[in-house]
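# Architecture at a glance
Listed below, chain by chain, are the residues.
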Amino acid sequence: MLWTCRVLCPQAGPSAGGWQPLSFDGGAFHLKRTGELTRALLVLRMCAWPPLVTHGLALQAWSQRLLGSRLSGALLRASIYGQFVAGETTEEVRGCVQQLQTLCLRPLLAVPTEEEPDSAVKTGEAWYEGNLSAMLRCVDLSQGLLEAPGPTGNILMQLKMTALTSTRLCKELTSWVRRLGASWELSPERLAEAMDSGRGLQISCLNAEQNQHLQASLSRLHRVAQHARAQRVRLLVDAEYTSLNPALSLLVAALAERWNRPGEGGPWVWNTYQAYLKDTHERLRRDAEAADRAGLAFGVKLVRGAYLDKEREVARLQGTQDPTQPDYEATNQSYSRCLELMLAHVSHRGPMCHLMVASHNEESVQQATKRMWELGIPLDGPVCFGQLLGMCDHVSLALAIPGQAPIQTLRLPSCQTLPDRSVVPVAEGLKPVSASAVCDFC
Ligand SMILES: Cc1cc2nc3c(=O)[nH]c(=O)nc-3n(C[C@H](O)[C@H](O)[C@H](O)COP(=O)(O)OP(=O)(O)OC[C@H]3O[C@@H](n4cnc5c(N)ncnc54)[C@H](O)[C@@H]3O)c2cc1C
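Remember, it's a predicted structure, so these values are computed and weren't measured experimentally.

Next up on the list: the overall build of the chain. Within the chain one finds 17 helices and seven strands. Burial status across the chain gives 54% buried among its 442 residues. Surface accessibility of the chain: about 19,100 Å² in total, with carbon and sulfur atoms responsible for 56%.

Before going further, it helps to spend a moment on the site of the ligand. Around the ligand, the surrounding shell holds 26 residues, and the nearest of these are Lys301, Gly305, Tyr328, Thr331 and Ser359. Take Arg304: an N or O atom from its side chain is 2.8 Å from an oxygen atom of the ligand. One of the backbone nitrogen or oxygen atoms of Ala306 is found 3.0 Å away from an oxygen atom of the ligand. When the free accessible area of the ligand is taken as 930 Å², the share hidden by the protein chains comes to 83%.

The end-to-end C-alpha separation of helix α1 (residues 34-47) is 20 Å, in line with the 20 Å expected for 14 residues at 1.5 Å each. Every buried residue of α1 is accounted for by Glu36, Arg39, Ala40 and Val43. One face of α1 carries all of its buried residues, which in axial projection span an arc of 100 degrees. The exposed residues of α1 that point more than 90 degrees off its buried face are Thr34, Leu41, Leu42 and Arg45. The inward-facing, buried residues of α1 abut α4 (69-78) and α5 (80-84).

Time to look at the packing of helix α9 (residues 188-197) against helix α10 (residues 208-230). At their nearest, the axes of α9 and α10 sit 9 Å apart, and the two run at 75 degrees to each other. Of the possible angle classes, the one that applies to α9 and α10 is roughly perpendicular. From α9, Leu191, Ala194, Met195 and Asp196 reach across to α10, where they touch Gln215, Leu218, Leu221 and His222. Considered class by class, the residues forming the contact of α9 with α10 number five nonpolar, two polar and one charged.

As a further point, take the pairing of strand β6 (residues 353-358). Here β6 lies mainly inside the structure; six of its six residues are buried. The side-chain alternation of β6 yields two buried faces, one formed by Cys353, Leu355 and Val357 and the other by His354, Met356 and Ala358. Two elements, strand β5 (residues 298-303) and β6, share five bridges in a ladder whose sense is parallel. Each residue of the ladder has a partner; that of Leu302, found in β6, is Val357. Taken together, the four bridges between β6 and strand β7 (residues 383-386) define a ladder with parallel strand orientation. Among the inter-strand pairings, Val357 is bridged to a residue of β7, identified as Phe385. Note that the unit made of β6, helix α15 (residues 362-375) and β7 has a crossover that is right-handed.

We now examine the confidence of the model for the chain. Confidence in the prediction for the chain averages 80 pLDDT; 82% of positions are at 70 or higher. Long-range and interchain partners of residues 1-15, a stretch whose pLDDT sits below 50, account for 95 contacts in this model, where long-range means more than four residues apart. Between residues 403-442, whose pLDDT stays under 50, and residues either more than four places distant or in other chains, the model counts 166 contacts.

Neighbouring strands of a sheet are bound in pairs by backbone hydrogen bonds; such pairs are parallel or else antiparallel. Reading across the sheet, the seven strands line up as β1-β2-β3-β4-β5-β6-β7 and stay open at both edges, with parallel pairing between neighbours. Only two strands of the sheet have a single partner each, and these edge strands are β1 (108-109) and β7.

On the surface, Asp327, Glu329, Glu362 and Glu363 cluster together to form a negatively charged patch. Here Glu362 lies in helix α15.

Here Glu282 shows up in helix α12 (residues 280-294). Separated by 56 residues in sequence, Glu282 and Cys338 place their C-alpha atoms 9.0 Å apart.

Parameters at a glance
- Residues numbered from 1 in each chain as written.
- Predicted model: local features only at pLDDT ≥ 70, side-chain atom pairs only at ≥ 80, totals over all residues.
- Heavy atoms only, no water.
- Helix = DSSP H or I, 4+ residues; strand = E, 2+ residues; numbered from the N terminus.
- Buried < 20%, exposed > 50% of the residue type's maximum accessible area, 1.4 Å probe, protein only.
- Areas by Shrake-Rupley, 256 points an atom, 1.4 Å probe, with all protein chains shown as cover.
- Near = heavy atom within 4 Å.
- Polar contact = N/O pair within 3.5 Å; in protein donor to acceptor, adjacent residues only side chain to side chain.
- Expected span 1.5 Å × (residues − 1).
- Arc of directions from axis to C-beta.
- Contact = heavy atoms within 4.5 Å.
- Axes fitted to C-alpha atoms, helices over the stretch in contact; angles between N-to-C directions.
- Parallel < 35°, antiparallel > 145°, perpendicular 65-115°, else oblique.
- Nonpolar A, V, L, I, M, F, W, Y, C, P; charged D, E, K, R; others polar.
- Pairing = 2+ DSSP bridges.
- Right-handed = clockwise from strand over helix to strand, strands pointing away.
- pLDDT = per-residue confidence, 0-100.
- Patch = residues over 30% accessible without salt bridge, like charges linked within 9 Å, V, L, I, M, F, W, Y side chains within 5 Å.
- Salt bridge = Lys/Arg side-chain N within 4 Å of Asp/Glu carboxyl O.
- Lys, Arg positive; Asp, Glu negative; His and termini not counted.
- Charge placed at Lys NZ, Arg CZ, Asp CG, Glu CD.

Here it is as structure tokens:
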């Protein structure tokens with residue numbers, strides 16, 4: 001899966017007169033060419049047609065058989081890939097990013113990895129080492145893409161933990177985290193020490209094979225964080241399923257012990273919080289306060305959550321309580337409360353606390369920009385906004401060009417063949433910017 005985020009700072013601050021609501025009326029589309037708008041309309045309409053989504057892969061295989069792989073590949077590139085993918089090679093991604101920069105948007109690259117857990121190919125360490133190499137290259141690419149890192153100097157990259165450690169181990173760790181609670185045996189400090197020293201770690205509740213894989217996983221995480229820190233790239237760790245998240249959070253906390261320390265200029269490792277989970281607000285409050293007490297920098301990507309149906313299905317099959325909010329409105333309220341909480345922390349802690357409002361929801365974006373203005377959070381400060389490439393241009397562009405600042409028309413990337421993981425990690429996000437920051441780029 002390829003992601004692109006757009007990160008930006010809204011246009012107003014207490015000193016700049018009153019807060020101006022963003023206009024999501026699509027006015028920003030004048031920046032797009034007619035061909036791009038037509039493609040977007042076509043592709044997004046197609047994606048809203050359930051049979052196409054359900055049988056997408058089968059249809060793709062069928063079109064390859066019927067049209068041949070060259071013609072069917074060209075069709076894909078001109079449609080779905082052209083809309084959502086930044087490119088396959090470094091040059092294509094670079095071209096895409098340059099165009100986004102013209103729109104005052106910035107990228108967040110993500111290495112695409114398989115979704116299905118623990119397939120045969122993933123049984124050895126080689127698969128994870130291959131992913132590590134791709135991630136290290138992605139760090140370099142992220143670092144080299146931007147001509148100017150922007151007013152906050154933020155270069156962001158997505159990190160999917162289950163590309164570096166098995167879901168099987170994460171599930172096992174999750175069950176022990178739940179059973180043991182806050183114990184030294186499975187503490188972030190202990191894992192951080194093992195990451196730093198590279199010395200073999202023996203967790204008594206894991207067997208020898210699991211301990212070995214844990215040690216190899218910690219070593220991979222350490223290497224990617226070390227490289228990202230050296231290249232000044234911030235790592236945003238994805239949230240996944242509730243059967244894995246406690247383990248992922250433990251690993252993030254271990255990385256934070258090392259890389260989010262005061263004086264490091266962090267946070268260099270961020271966690272993701274899913275507002276559709278019932279316990280998220282409480283967990284976010286606890287984690288933010290703990291980071292504050294420990295003097296650690298704290299970075300949060302706030303999302304609603306992407307695995308609603310699967311979470312509910314698993315709960316139903318296992319006869320356990322559904323961990324998700326009962327309805328969309330409850331998720332919205334939860335997102336709003338989490339946003340409020342985080343903006344208060346940003347306002348209190350300044351650059352020690354960073355937030356990405358990762359949402360296409362107009363009300364959430366509006367709420368964030370309004371509260372930032374009320375709290376006096378600077379436009380070029382630690383709050384940014386993220387959207388997926390090609391998913392919600394009217395929101396991204398409205399954030400990026402407040403006041404309809406004169407910006408050149410540009411072309412979004414035309415994407416090439418299906419990405420080869422070993423060649424280039426693609427998928428990004430963008431770092432949108434405010435009117436003031438526009439000057440940095442234009
Ligand atoms: C930059 C970026 C990074 C992301 N990273 C992650 C990640 O790491 N992990 C992850 O899980 N997701 C991630 N997502 C996806 C995200 O969680 C949402 O699925 C997606 O953004 C849609 O939510 P929204 O806020 O944009 O808007 P909306 O369209 O307003 O909200 C849709 C969301 O509301 C919730 N919802 C819908 N119906 C119901 C219902 N009946 N009951 C309860 N809740 C409901 C679901 O979470 C659904 O996805 C990311 C998204 C972005 C933009």
